[in-house]
Each structure stands twice: as structure tokens, then as C-alpha cells.
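Chains, contacts and geometry: an overview
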Amino acid sequence: MADPARAGRLAQRIKVLVAEALRRGVKDDRVEPVTVTEVRVTNDLQHATVYYTVLGDEATVAAAHEGIQDNRGILRREVGRGLTIRLVPCLLYTSDAADDLLCV
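In this report, we go over the structure that sits alongside the text. Counting starts from 1 at the beginning of each chain's written sequence and moves along it residue by residue. Predicted model: local features are reported for residues with pLDDT of at least 70 only, side-chain atom pairs are reported and counted for 80 or more only, and whole-chain, interface and lining totals are derived from all residues. To obtain the side-chain values, all non-hydrogen atoms of the structure were included, while hydrogens and water were left out.

Focus: the pattern of salt bridges
Only one rule defines a salt bridge in this text: a Lys or Arg side-chain nitrogen within 4 Å of an Asp or Glu carboxyl oxygen. Under the counting rule described, the total for this entry stands at five salt bridges. Of the charged contacts in the structure, one is a salt bridge between D70 and R30, with a shortest N-O distance of 2.8 Å. Separated by 40 residues along the polypeptide, D70 in helix α2 (residues 58-70) and R30 in the loop between α1 (4-25) and β1 (34-41) bring together distant segments of the chain. Here D70 falls in the exposed class, since its relative accessible area comes to 52%. Exposure remark for R30: the relative accessible area of 27% places this residue in the partly exposed category. Ionic pairing is found between R81 and E78, a salt bridge with its closest N-O pair at 3.5 Å. Of the two residues, R81 and E78 both sit in helix α3 (residues 72-82), three residues apart, roughly one turn of that helix. Each member of the salt-bridge network shares a partner with another, and the members are D28, R30 and D70. Only runs of H or I of at least four residues qualify as helices and only runs of E of at least two qualify as strands under DSSP, and these elements are numbered from the N terminus. Partly exposed residues are those whose accessible area sits between 20% and 50% of the maximum for their type, while under 20% is buried and over 50% is exposed, using a 1.4 Å probe and protein chains only.

Below, the structure written as C-alpha cells:
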């Protein structure tokens, strides 16, 4: 079981990796207006919840949500490449305005 400080450091690293992957790694115009706001990692380092916001109208938000859902594998791969831990946490994506979760 990891300590909360390690989980916090891992959360910050995942936040940077997901933001960079959305900007560079994902070749999808739907995820362009997405901003990663926060990441929370459980103390056992098995699950990470990625919170994001989308600037735009309802159609843009829906398209961005679908874009993230369609590119979950790419995002997980990029996070796995950037981390130095043995197991990559399950990434759950949730909008700051919505209560639904997407699990990788």
C-alpha cells in the first residue's frame, strides 16, 4: 500500500502525461478543446480519475466526450510509457460538469 504523498506525486505526473497526449499524441480534432483540470489516484495506485473541462457549446462537449472515449487506449498507452511504475492505473475520465465515468 502506497502512502498518500506518492499517490499525489503520481496524480500530478498522470495529469501532465494525459494533457500532453491529448495535445500531441491524439490525432483527433474533437479533443482539441479539452483541458485536464485534476487527477486523483487511490492510495493503492490502482485507479486514477481524470477530471477534464471542455470549452464550447453542448455539441462541442458531446464531441469531446466521444473523442476521449474513442481514444482511451492511446491515452493509457502514453501514460504507461511515461510512468516508471510496474502497473499502469485504470484511468477513469469524467467531465467536471457530468457525473458519468469512462473506464479504460
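Let's talk about the pairing of β1
Strand pairing requires that DSSP identify at least two bridges connecting the strands. Relative to strand β2 (residues 47-54), β1 runs antiparallel, the two being bridged by seven bridges. The residue of β2 that forms the bridge with E38 is Y51. What sits between β1 and β2 in their antiparallel hairpin is a turn of five residues, with L45 showing a positive phi close to 60 degrees.

Focus: the side chain of D28
Along the chain, the position of D28 falls in the loop between α1 and β1. Its relative accessible area of 17% is what places D28 among the buried residues. Polar side-chain contacts of D28 include one of 2.7 Å to the side chain of R30. Should any heavy atoms of two residues lie within 4.5 Å, those residues are considered in contact. With sequence-adjacent residues up to four places away left out, D28 is seen in contact with G67 and N71. Here a polar contact is taken to be a pair of N or O atoms separated by no more than 3.5 Å, where protein atoms must pair a possible hydrogen donor with a possible acceptor and residues adjacent in sequence count only if both atoms sit in side chains.

A look at the environment of R72
Positionally, R72 belongs in helix α3. Overall, the relative accessible area of 23% leaves R72 in the partly exposed class. Considering only alpha carbons, one finds R72 and Y93, 21 residues apart in sequence, at a separation of 8.8 Å.

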